[in-house]
There are 2 protein chains.
Amino acid sequence: MNLNIKDFEDQINTRRNYVNECLEQNLPPLNSYPPIIHEAMHYAVFNGGKRLRPIMVFEGALIAGIEKEKVIPTACALELIHSYSLVHDDLPSMDNDDFRRGKPTCHKVYGEANAILTGDALLTYAFQLIANNIAINGIQPLNVVRVIKEISSAAGSEGMIGGQVIDLDSEGKNINYDTLKTLHSLKTGELFRASLRAGAILGGLDNEKLDYLTTYANYFGLAFQITDDLLDVTGDQKTLGKPVGSDDKNNKTTYVSLFGIDKAKMLAEESVNTSIDNLKEFGKEADFLRNLAYFTLDRTK
Amino acid sequence: MNLNIKDFEDQINTRRNYVNECLEQNLPPLNSYPPIIHEAMHYAVFNGGKRLRPIMVFEGALIAGIEKEKVIPTACALELIHSYSLVHDDLPSMDNDDFRRGKPTCHKVYGEANAILTGDALLTYAFQLIANNIAINGIQPLNVVRVIKEISSAAGSEGMIGGQVIDLDSEGKNINYDTLKTLHSLKTGELFRASLRAGAILGGLDNEKLDYLTTYANYFGLAFQITDDLLDVTGDQKTLGKPVGSDDKNNKTTYVSLFGIDKAKMLAEESVNTSIDNLKEFGKEADFLRNLAYFTLDRTK
């Protein structure tokens, strides 16, 4: 790995800007009728997010050997699903958050009813976008349907939504390692995995290689979550853009509360190594994914 | 039309029972992890509903000439989308309803957070079900993707969700005929139309005939809504299973408040006639749809 973190951050930013341009072009126009819901959809999506899931879709396509332009609708769809989940998670009856990345949350701006409907609309539109892939030359309809199956499963009651149910149910309780792993694997891991796989499936990657990407995504997701927990203890509030120490204050079980800082760091490192190991069948086309995992350990936000 | 209403009700009941059996077999098992969300999904779906949307899917398939068994997952998906919309519409921040068809609403039983997630899960699972159609012999993947596009569009921010946004925004306001028509066309019409079209598209019906079904569904939807408004004035609370006079009490603009009972009845009749006229290209295979429209005028619930 000859890259330094500064160069990698440039690579991330280039990709993030590209995702933002794609999102601008792929959401329903702001003035669609009725306007308030379309305004709220834009507000919820353009929230300064990391855009990791669409970036994963593009990397999956690259690894399968097709141009990133061919998977734009699906890349956008994954970000819409992530955005909808944040809008609903922030609601008063869920996490009751007034701010997200320094901006008032969707229900604070548009009211609770509109925020619920905005989440619903983003989720629904995500599937419309994926279906739009049939208009793209070289994409097989069968693969579009496979992707819809994968993503709906990853985002559903036995995936991301199931994770949120467990998370809400775990509030203020001490949970064990297995439950914590399941919680995160469902709540964030499933959608990471589905994102990377979606791009690769649209590009026609074979099942054996898909399995490697799946394992990469599983371990990357784990490392990402552990560093999230670490940043809540060791991070800088200003860089992070959110208060630190909130997990402890909320009595939340985390990798740090279960294992302590040092062992959590070690676990994160092991996960990063395992994730990178699973890319050994791939060449330079997987370099970004290798760096993404590697630099997860150094992230400050 | 030689059928009497009793015979037609038997036809409806046979179909409804069949839909209920299909739903039993096509929801995720009750004991899937985490159990509470899967219990809540079942609770929300088995609510004594009319099952009109899945029935429409089956009729569309029949008209296109394929066996109804081939469109079961899509038929179930349409009912899941309808059920999710009811769960979210009933929430405290929306219509704040404690009962639906005599049973406590989802959030009264499972809490608000779980009810929001249950709606999300039903919507997400609907797309997983439609995608499952690829496993069915004789169904073209391209047609599955077309159906996903149609249904996501019909259920989305410029369809059903848009209708609910307009409905919430119209509360306590006097709205004109055009807005009322748009509201209902989006809130209920779009999903009726998409249901009938979905079955027909999966069966490979040509575009000209699809257009006739679309117009049928539009006018049937209008007639159905007008009779809904009429029943709120002229219906029997016991048969209806809900209080009458609630539109007037809530100062709601309806076809009856705009036109009076007699003219509203006339409008409903005209709509039924136009809907049936649009089926003249079809033979006996469209008889159920003809009867469905015809007997809408006589419905008591």
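Residues numbered from 1 in each chain as written. Chains lettered and ligands numbered in written order. Predicted model: local features only at pLDDT ≥ 70, side-chain atom pairs only at ≥ 80, totals over all residues. Heavy atoms only, no water.

Trainee: Is there a simple way to think about the relation of the copies chain B and chain A in this case?
Mentor: Both copies of the chain are related by a screw-like operation: a rotation about an axis and a shift along it. For the pair chain B and chain A, the relating rotation is 180°, the translation along its axis is 0.0 Å, and the fit reaches an RMSD of 0.0 Å. Here the symmetry operator amounts to a two-fold rotation axis. The position closest to the rotation axis in chain B is occupied by the C-alpha of Pro141 of chain B, lying 2.8 Å away. Interface overlap between copies: 100% of the residues of chain B at the interface are likewise at the interface in chain A, consistent with a symmetric, same-surface contact. (Least-squares fit on C-alpha atoms with pLDDT ≥ 70 in both. Contact = heavy atoms within 4.5 Å.)

Trainee: Please explain the side chain of Asn133 of chain A as it appears in this structure.
Mentor: Residue and element names in this part refer to chain A. By secondary structure assignment, the location of Asn133 is in the loop between helix H6 (112-132) and helix H7 (141-155). Residue classification places Asn133 among the buried residues on the basis of a relative accessible area of 0%. Residue contacts for Asn133: discarding those within four places in its chain leaves Lys70, Val71, Pro73, Thr74, Ile139, Val144 and Leu202. (Helix = DSSP H or I, 4+ residues; strand = E, 2+ residues; numbered from the N terminus. Buried < 20%, exposed > 50% of the residue type's maximum accessible area, 1.4 Å probe, protein only.)

Trainee: Got a minute to help me understand empty space enclosed by the protein in this structure?
Mentor: Unoccupied space between atoms shows up once a probe the size of one water molecule is rolled over them. By the definition in use, this model includes two cavities of 30 Å³ or more. Within this model, the largest cavity holds a volume of roughly 140 Å³. Around the largest cavity, the lining residues are Tyr43, Ala44, Asn47, Ser83, Leu86, Val87, Asp90, Arg100, Lys103, Pro104, Thr105 and Cys106 of chain A. Mapped onto the lining of the largest cavity, the elements with two or more residues apiece are helix H2 (35-45), helix H4 (72-89) and strand E2 (103-104) of chain A. Among the residues forming the lining of the largest cavity, the class breakdown is six nonpolar, three polar and three charged. Here the second largest cavity defines a volume of roughly 120 Å³. Lining the second largest cavity, in full, are Tyr43, Ala44, Asn47, Ser83, Leu86, Val87, Asp90, Arg100, Lys103, Pro104, Thr105 and Cys106 of chain B. Looking at the lining of the second largest cavity, the elements that each hand over two or more residues are helix H2 (35-45), helix H4 (72-89) and strand E2 (103-104) of chain B. (1 Å grid on protein atoms, 1.4 Å probe; cavity = no way out; pocket = protein on both sides within 12 Å on 5 of 7 lines; lining within 4 Å. Points joined across faces, edges and corners; volume = space filled by probe spheres on them. Nonpolar A, V, L, I, M, F, W, Y, C, P; charged D, E, K, R; others polar.)

Trainee: Would you take a moment to explain the interface of chain B and chain A for this structure?
Mentor: When the parts of a complex come together, some accessible area is lost, and that lost area is often taken as the interface size. Each partner contributes residues to the interface: chain B has 46 residues there, and chain A has 46 residues. Carbon and sulfur atoms supply 76% of the area that chain B and chain A bury against each other, a total of about 4,000 Å² over both sides. Where chain B packs against chain A, one counts zero salt bridges. For the interface between chain B and chain A, the tally reads eight residue pairs in polar contact (both at pLDDT 80 or more). For the side of chain B that touches chain A, the secondary-structure elements that each account for two or more residues are H2, H4, helix H6 (112-132), helix H7 (141-155) and helix H8 (160-170) of chain B. With 13 residues, H6 of chain B is the largest single contributor of residues to the side of chain B that touches chain A. Classifying every residue of the side of chain B that touches chain A by side-chain character gives 27 nonpolar, 15 polar and four charged. (Buried area = accessible area lost by both parts, 1.4 Å probe. Salt bridge = Lys/Arg side-chain N within 4 Å of Asp/Glu carboxyl O. Polar contact = N/O pair within 3.5 Å; in protein donor to acceptor, adjacent residues only side chain to side chain.)

Trainee: Is there a simple way to think about a negative patch on the surface in this case?
Mentor: Residue and element names in this part refer to chain A. Among the surface-exposed residues, Asp206, Glu208, Asp211 and Glu281 lie close enough to one another that they form a single negatively charged patch. Structurally, Glu208 is set in helix H10 (residues 207-234). Looking at Glu208, the relative accessible area reads 56%, which means it is exposed. (Patch = residues over 30% accessible without salt bridge, like charges linked within 9 Å, V, L, I, M, F, W, Y side chains within 5 Å. Areas by Shrake-Rupley, 256 points an atom, 1.4 Å probe, with all protein chains shown as cover. Lys, Arg positive; Asp, Glu negative; His and termini not counted. Charge placed at Lys NZ, Arg CZ, Asp CG, Glu CD.)

Trainee: Help me understand H6 of chain B, please; the structure alone is not making it clear to me.
Mentor: Since one α-helical turn is 3.6 residues long, residues separated by three or four positions face the same way. Here H6 of chain B spans 30 Å end to end across 21 residues, near enough to the 30 Å set by a 1.5 Å rise per residue. Counting buried residues in H6 of chain B gives 19 out of 21 residues, a clear majority hidden from the surface. (Expected span 1.5 Å × (residues − 1).)

Trainee: Teacher, can you tell me more about unusual backbone geometry here?
Mentor: In most cases, non-glycine residues show a negative phi, while peptide bonds are predominantly trans. All names here are of chain A. The step from Tyr33 to Pro34 runs through a cis peptide bond, and the omega angle for that step is -10°. Summarising the element assignment, Pro34 is placed in the loop between helix H1 (5-26) and H2. One non-glycine residue, Arg51, lies in the positive phi region at around 65°. The residue Asn251 is not glycine, and still its phi comes out positive at about 60°. Turning to its location among the elements, Asn251 is positioned in the loop between helix H12 (246-249) and helix H13 (255-277). Look at Asn251 and you get partly exposed, because its relative accessible area is 45%.

Trainee: What should I look at first to understand the packing of H1 of chain A against helix H3 (residues 52-64) of chain A in this one?
Mentor: Between two packed helices, what matters for the description is the angle formed by their axes and the separation of those axes. Residue and element names in this part refer to chain A. Contact geometry of H1 with H3 gives a least axis separation of 10 Å together with a crossing angle of 100°. Judged by the inter-axis angle, H1 sits roughly perpendicular to H3. Judged by residue contacts, Ile12, Arg15, Arg16, Tyr18, Val19 and Cys22 of H1 engage Pro54, Ile55, Phe58 and Glu59 from H3. Of the residues contributing to the contact of H1 with H3, the split by class is seven nonpolar, no polar and three charged. (Axes fitted to C-alpha atoms, helices over the stretch in contact; angles between N-to-C directions. Parallel < 35°, antiparallel > 145°, perpendicular 65-115°, else oblique.)

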